[in-house]
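As a plain string of letters, each chain reads:
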Amino acid sequence: MKRLKYILTIAIALTFTAMGWSQAQQIPERVQPNKFAIKKVDFDHVKEVISNPKNAYYYPKLMKAYSSNDTTLSIEAWRNFYYGYTFQEDYNPFRESIYSNVVEQLYYKQPHSRAECDSIEKYAEKSLNDNMFDLNQMNFYIYVLKEKKKHARAAVCQYRLDRLIAAIMSSGRGTKEEPWVVITPEHEYNIINFLGFVATEHETLDGGIDYIKVKPVAGKSAEGFYFDISRMMEIAALKFPDINEGEE
């Protein structure tokens, strides 16, 4: 079926939106739109800097900084870390940990017992070890660390989440002219949810652009947001040739 894997991923994302994913925390004021400079993503430049061992944004250096919980990285470093991941061998735009469903099923059964919190922490950590850019799991992990009074670890994870959101939102304004660039379908819905909206409909436009319609929110004029998925689909077509099966 035409772009089956992508369509299934979108369907799952919409399902979790309908389940009330917006109950999760919203984007902190410090990473709201217009709080940082908007810069169009140049993937050729990203590839150049992350592949150069002498460059400050050489990917192994960024990965080491990320793994060591370095909180001094600039937004430009985070941008290269996020978008540079699309040039890594293990990048899969539809990557999903085998542990993620375990966490989601437990999370939505609030309130949680101590044993349930232990399980959420265990499997959220395993999920993030398998997919470090799973913002859903990151949010669940922050929640359970706070529940268990592990505030220092929660703060580190919160910092990572804030910076990744900022990196995505620095790529555009969510408009047709300046869409946000994402490297996995779920991040479209993460951004919308964090902004305080609930997605209602998904539409794929020409040129590798997605448009996500949202429910009206009092005091907000947005009817929907635009996302650039062209890089994601380019890699998907290479790694999953059947994704375009059935296209004319």
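The model shown is predicted, which means the values in this text are computed figures rather than measured ones. (Residues numbered from 1 in each chain as written. Predicted model: local features only at pLDDT ≥ 70, side-chain atom pairs only at ≥ 80, totals over all residues. Heavy atoms only, no water.)

### Looking at the side chain of R160
Here is step 1 of the chain: Mapped onto the secondary structure, R160 falls in helix α8 (residues 151-169).
Here is step 2 of the chain: For the buried R160, no salt bridge exists, and the shortest N-O distance to an oppositely charged side chain is 8.7 Å, to E125.
Here is step 3 of the chain: Apart from residues lying up to four places away in sequence, R160 is in contact with Y66, S67, N69, W78 and M138. (Helix = DSSP H or I, 4+ residues; strand = E, 2+ residues; numbered from the N terminus. Buried < 20%, exposed > 50% of the residue type's maximum accessible area, 1.4 Å probe, protein only. Lys, Arg positive; Asp, Glu negative; His and termini not counted. Salt bridge = Lys/Arg side-chain N within 4 Å of Asp/Glu carboxyl O. Contact = heavy atoms within 4.5 Å.)

### Points about helix α6 (residues 114-130)
Here is step 1 of the chain: Its 17 residues place the ends of α6 25 Å apart at the C-alpha level, agreeing with the 24 Å of an ideal helix rising 1.5 Å per residue.
Here is step 2 of the chain: Residues C117, I120, E121, A124, S127 and L128 constitute the buried set of α6. Taken end-on, α6 shows its buried residues confined to a sector of 135°, consistent with a single buried face.
Here is step 3 of the chain: The elements touched by buried residues of α6 are α5 (100-107), α7 (135-147) and α8. (Expected span 1.5 Å × (residues − 1). Arc of directions from axis to C-beta.)

### Observations concerning the pattern of salt bridges
Here is step 1 of the chain: Applying the stated rule across the entire model yields eleven salt bridges.
Here is step 2 of the chain: Across the pair R153 and E121 runs a salt bridge, and its minimum N-O distance is 3.2 Å. With R153 in helix α8 and E121 in helix α6, this residue pair connects regions lying 32 residues apart in the sequence.
Here is step 3 of the chain: Judged by its relative accessible area of 7%, E121 falls in the buried class.
Here is step 4 of the chain: Between R173 and E178 there is a salt bridge, with its nearest N and O atoms 3.0 Å apart.
Here is step 5 of the chain: Judged by its relative accessible area of 40%, R173 is partly exposed.
Here is step 6 of the chain: Taking the relative accessible area as the measure of exposure, E178 reaches 34% and is therefore partly exposed.
Here is step 7 of the chain: One salt-bridge network, in which partners are shared between bridges, spans R114, D118, E121, K148, K150 and R153.

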